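Chains, contacts and geometry: an overview
Given next are the chains, with one letter for each unit.
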Amino acid sequence: MFDDLRDLYQEVIFDHNRNPRNFRVMDDANRQVEGFNPLCGDRLTLFLKIEDGVINDASFQGQGCAISTASVSLMTEIIKGKTEAEAETLFTQFHDMTTGKSEDIQLEAIGKLAVLAGVREYPARVKCATLAWHTLDAALKNQAQSISTE
Ligand code: ZN
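Here's what I pulled together on the structure shown here. Keep in mind that what you see is a predicted model, and the values were worked out from it rather than measured.

**So, the sheet that holds strand β3 (residues 54–63)**
Reading across the sheet, the 4 strands line up as β3-β2-β1-β4 and stay open at both edges, with mixed pairing between neighbours. Edge positions in the open sheet fall to β3 and β4 (146–148), since each of these has one partner strand only. Direction aside, neighbouring strands of the sheet carry axes that sit 20 degrees apart on average. Sheet contacts for helix α3 (residues 66–79): β2 (42–51) and β3; angle to β3, the most-contacted strand, approximately 165 degrees.

What follows is the structure, encoded as structure tokens:
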């Protein structure tokens, strides 16, 4: 597993795994969803504060591998200040990028998330990278309290 991962570990992933951003419980969150990736054992709880259709705050708690932690850490940074519609668009773009559905990656739009594009070469790791985003999707739709990638 570590041989496969070596190529994925880029500076940004290391950094976010070592110092996850927005790693805290949010007491005044109005959306809270738990995400679980049984394939790897990644678990996270995503907290959002959405006001007037805008994600004013995002944070998470949980434990997972470096890729899942870096992915959710990056995501909480990126979605803050975005509208719900903008966040849904990012989810779609990120999903298409990591699953290889879209060759035409809009690097400008997804910015730092592009560092996770390498997971598409490793199908077993894709769910580690997309777990945060599926959890976000559930939180935005406000329909489920927990999701699983399997
Ligand atoms: Zn994982």
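**Some details on the coordination of the zinc ion**
For the zinc ion, every protein donor is listed as C40 (SG), D42 (OD), D42 (OD), C65 (SG) and C128 (SG), and the spread of their distances is 2.2 to 2.6 Å. Sequence spacing of the donors to the zinc ion: C-x1-D-x22-C-x62-C. Here D42, found in strand β2, pairs with C65, found in the loop between β3 and α3; they are 23 residues apart in sequence, far enough to count as distant. We classify D42 as buried; its relative accessible area is 1%.

**Brief notes about the packing of aromatic side chains**
Tallied over the entire structure, the rule returns 2 aromatic pairs. Taking 5.1 Å as the distance between ring centres and 75 degrees as the angle between the ring planes, the aromatic pair formed by F23 and F60 counts as edge-to-face. Residue F23 is located in the loop between α2 (11–18) and β1 (31–37), and its partner F60 is located in strand β3; the two are separated by 37 residues in the primary sequence. For F23, a relative accessible area of 41% translates into the label partly exposed.

**A short note on the environment of Q145**
When you line up the elements, Q145 lands in the loop between α6 (123–141) and β4. For Q145, a relative accessible area of 67% translates into the label exposed. Along the sequence, Q145 and V33 sit 112 residues apart, while their C-alpha atoms lie 4.8 Å from each other. With residues near it in sequence (within four places) discarded, Q145 still touches Q32, V33 and E34.

The rules behind the values
- Residues numbered from 1 in each chain as written.
- Predicted model: local features only at pLDDT ≥ 70, side-chain atom pairs only at ≥ 80, totals over all residues.
- Heavy atoms only, no water.
- Pairing = 2+ DSSP bridges.
- Helix = DSSP H or I, 4+ residues; strand = E, 2+ residues; numbered from the N terminus.
- Axes fitted to C-alpha atoms, helices over the stretch in contact; angles between N-to-C directions.
- Contact = heavy atoms within 4.5 Å.
- Donors = N, O, S within 2.8 Å, 3.2 Å for Na, K, Ca; no water.
- Buried < 20%, exposed > 50% of the residue type's maximum accessible area, 1.4 Å probe, protein only.
- Phe/Tyr/Trp six-rings, centres within 6.5 Å; stacked < 30°, edge-to-face > 60°.

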